[in-house]
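The residues making up each chain are set out below.
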Amino acid sequence: MQTLFSILGIYLFIAVGFVAKWVFKEKIDDRTITLLSVYFLQIFLTFWGLLKRPIDTELLFAPALYLGICLVALLLMIPLARMLFADTKERSIATVAALIGNTGNLGIPLGIALFGEMSVPYLTLINLVNVFVVYTIGVFYYSRGEFSVRDSLINILKLPVLWVAMVAIALNLIGYTPSPAIDKTLMMGAYASMTIQLILFGIYLYGIKLREINLRLSAWVNGAKFVLIPVITWVVLGMVEMDATVKGILFLELIVPLAVANVNLASLYNCSPRTVTVEVFTTSTLFLGIAFFLPTLLRMF
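Notes on the structure follow. Every value quoted in this text rests on a predicted model; they were computed, and no experiment measured them.

Rules and cut-offs
All residue numbers refer to positions counted from 1 along the written sequence of the respective chain. Reporting of local features is limited, given that this is a predicted model, to residues whose pLDDT is at least 70; pairs of side-chain atoms are given and counted only at 80 or more, and all residues count toward the totals for whole chains, interfaces and linings. Water and hydrogen atoms were dropped before computing side-chain values, which therefore reflect all heavy atoms in the structure. Starting at the N terminus, helices and strands are each numbered in turn, a helix being any DSSP run of H or I of at least four residues and a strand any DSSP run of E of at least two. Here a polar contact means two N or O atoms within 3.5 Å. Within protein one must be a hydrogen donor candidate and the other an acceptor candidate, and residues neighboring in sequence count only if both atoms are side-chain atoms. Working rule for contacts: check all heavy atoms of both residues, and any pair within 4.5 Å makes them a contact. Aromatic rings from Phe, Tyr and Trp, taking only the six-membered ring of Trp, are treated as a pair when their centres fall within 6.5 Å; an angle between ring planes under 30 degrees marks them as stacked, one over 60 as edge-to-face, and anything in between as tilted. A 1.4 Å probe rolled over the protein chains alone gives each residue an accessible area, and that area as a share of the maximum for its type sets the label: buried under 20%, exposed over 50%, partly exposed in between. Throughout this description, the term charge over a ring refers to an Arg CZ or Lys NZ atom that lies within 6 Å of the ring centre and within 35 degrees of the ring normal. Definitions used throughout: a 1 Å grid over protein atoms alone; a cavity as a set of points that fits a 1.4 Å probe which cannot get out; a pocket as an open set with protein on both sides within 12 Å along at least five of seven lines; a lining residue as one with an atom within 4 Å of a point. Grid points are joined across faces, edges and corners, and a volume is the space filled by probe spheres set on the points. The classification used treats Ala, Val, Leu, Ile, Met, Phe, Trp, Tyr, Cys and Pro as nonpolar, Asp, Glu, Lys and Arg as charged, and all other residues, Gly among them, as polar. Picture the helix axis, draw a direction to every C-beta atom, and the arc is the one those directions span. Between Lys or Arg on one side and Asp or Glu on the other, a salt bridge is scored when a side-chain nitrogen of the former is within 4 Å of a carboxyl oxygen of the latter.

1. So, the side chain of serine 143
Assignment of secondary structure puts serine 143 in helix α6 (residues 120-143). Within the structure, the side chain of serine 143 is placed 2.3 Å from the backbone oxygen of valine 139, a separation counted as a polar contact. Filtering out sequence-adjacent residues up to four positions away, serine 143 remains in contact with Ser152, Asn155 and Tyr269.

Shown next, in the form of structure tokens:
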């Protein structure tokens, strides 16, 4: 029940965005909110998350494994997406969307609810790796909908979050700890960032029409998220020696639904943001059903 409430609390802010767009229509500018989130508020979220606790090298194996599984899944999805989807934008979405999971807004609170506070260091570092996946692989493929390879690589370098993350890691490694006043400021920006992303998702959700849903693409993205990636994860975790609890944390973070960051990037680079919103919504809806079986699934490690 606690797991379900953790998820429903997040969906509340999605509903706020949906209702706001329904009431105010064109008075709410989706693009402006996206730019505010990506270029400003996510800087606070990155600093706050990466300076929250020291990075211990003994904890790095779990996030490294998370990245490895993501790369294995990417290598499998590149040729499959190329075979199944002729449209460039659809192919980009099919390739990368399932890899960008909601490890922050949903993964962290859900991990704490299921595993307790001992999971926080692992959750934080896995979310950090996901940030790099979002702003490197994610930016590259969502840009490819309209940009050349060269321009897509340049787009990665243009986003401030990647550079901010590097600065935050450097500060963490040299032992910098924010003062209570600075930490509170960063926390305010971080929570604003998470809330705005969820509201933005609700705003895009309002514009979805059933006839616009790409059933073939939705079937692929959901299959990749809840079948392909879990199978890869299960195989890889079966081959490594690791504490069962940490394996459970890794499995959880790899099956959480698509992050709203997918919508942010699709909107930023004009890669069918409403189509991406549908994929985020469908995976989030399916995950509500999966959530009931999570404790049983995680006990199998």
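Once the structure has been displayed, the description carries forward.
2. Let's talk about the packing of aromatic side chains
With the rule as written, the count across this model stands at four aromatic pairs. Between tryptophan 48 and tyrosine 191, the aromatic rings sit 5.6 Å apart at their centres with planes inclined by 55 degrees, giving tilted as the arrangement. Taken as a pair, tryptophan 48 in helix α2 (residues 30-50) and tyrosine 191 in helix α9 (residues 180-206) lie far apart in primary sequence, 143 residues in all. Taking the relative accessible area as the measure of exposure, tyrosine 191 reaches 46% and is therefore partly exposed. Ring geometry for tryptophan 234 and phenylalanine 251: centres 6.0 Å apart, planes at 80 degrees, overall edge-to-face. On the criterion of sequence distance, the pair formed by tryptophan 234 in helix α10 (residues 215-238) and phenylalanine 251 in helix α11 (residues 244-255) is long-range, its members being 17 residues apart. What makes phenylalanine 251 buried here is its relative accessible area of 5%. Sitting over the face of the ring of phenylalanine 85, arginine 216 holds its NZ or CZ atom 4.9 Å from the ring centroid.

3. Digging into empty space enclosed by the protein
Any empty space left between atoms is shown by rolling a water-sized probe over those atoms. With the rule as written, the count across this model stands at three cavities of 30 Å³ or more. What the largest cavity holds in volume is close to 70 Å³. Along its surface, the largest cavity is lined by Ile10, Tyr11, Ile14, Asn102, Leu106, Leu198, Phe201, Pro257, Leu258, Val260 and Ser284. Among the secondary structure elements, those contributing two or more residues to the lining of the largest cavity are α1 (2-24) and α9. A per-element tally of the lining of the largest cavity places α1 first, with three residues. Looking at the lining of the largest cavity, its residues break down into nine nonpolar, two polar and no charged.

4. Some points on helix α5 (residues 107-115)
In an α-helix, one turn spans 3.6 residues, which is why side chains three or four residues apart end up on the same side. Those residues of α5 that sit buried are Gly107, Leu110, Gly111 and Phe115. Taken around the axis of α5, the buried residues stretch over an arc of 105 degrees, which confines them to a single face.

5. As for the environment of valine 246
By the element assignment, valine 246 lies in helix α11. Along the backbone, valine 246 and alanine 98 are 148 residues apart, and their C-alpha atoms lie at a distance of 22 Å.

6. Points about the pattern of salt bridges
All told, the structure shown has three salt bridges when counted by the stated rule. For the salt bridge of lysine 21 with aspartate 30, the shortest nitrogen-to-oxygen distance reads 3.3 Å. Residue lysine 21 shares its accessibility class with aspartate 30, and that shared class is buried. Between aspartate 151 and arginine 150 there is a salt bridge whose closest N-O contact spans 3.4 Å. Given the relative accessible area of 30%, aspartate 151 is considered partly exposed. One salt-bridge network, held together by shared partners, links Lys21, Asp30 and Arg274.

7. Overview of the layout of surface pockets
For the largest pocket, the calculated volume is near 810 Å³. Considering the residues around the largest pocket, the lining is formed by 36 residues, among which Leu45, Gly104, Asn105, Asn127 and Met194 are closest to the centre. Elements supplying a minimum of two residues to the lining of the largest pocket: α1, α2, α5, α6 and α9. Broken down by element, the residue count for the lining of the largest pocket peaks at eight residues, all from α6. What the second largest pocket holds in volume is close to 200 Å³. As for the second largest pocket, its lining consists of Ile78, Ala81, Arg82, Thr88, Arg91, Ser92, Thr95, Phe140, Tyr141 and Arg144. Taken together, the elements giving at least two residues each to the lining of the second largest pocket come down to α3 (61-84), α4 (88-96) and α6. The element contributing the most residues to the lining of the second largest pocket is α4, with four residues. When its residues are assigned to classes, the lining of the second largest pocket shows four nonpolar, three polar and three charged.

Keep in mind these values describe shape, not function.
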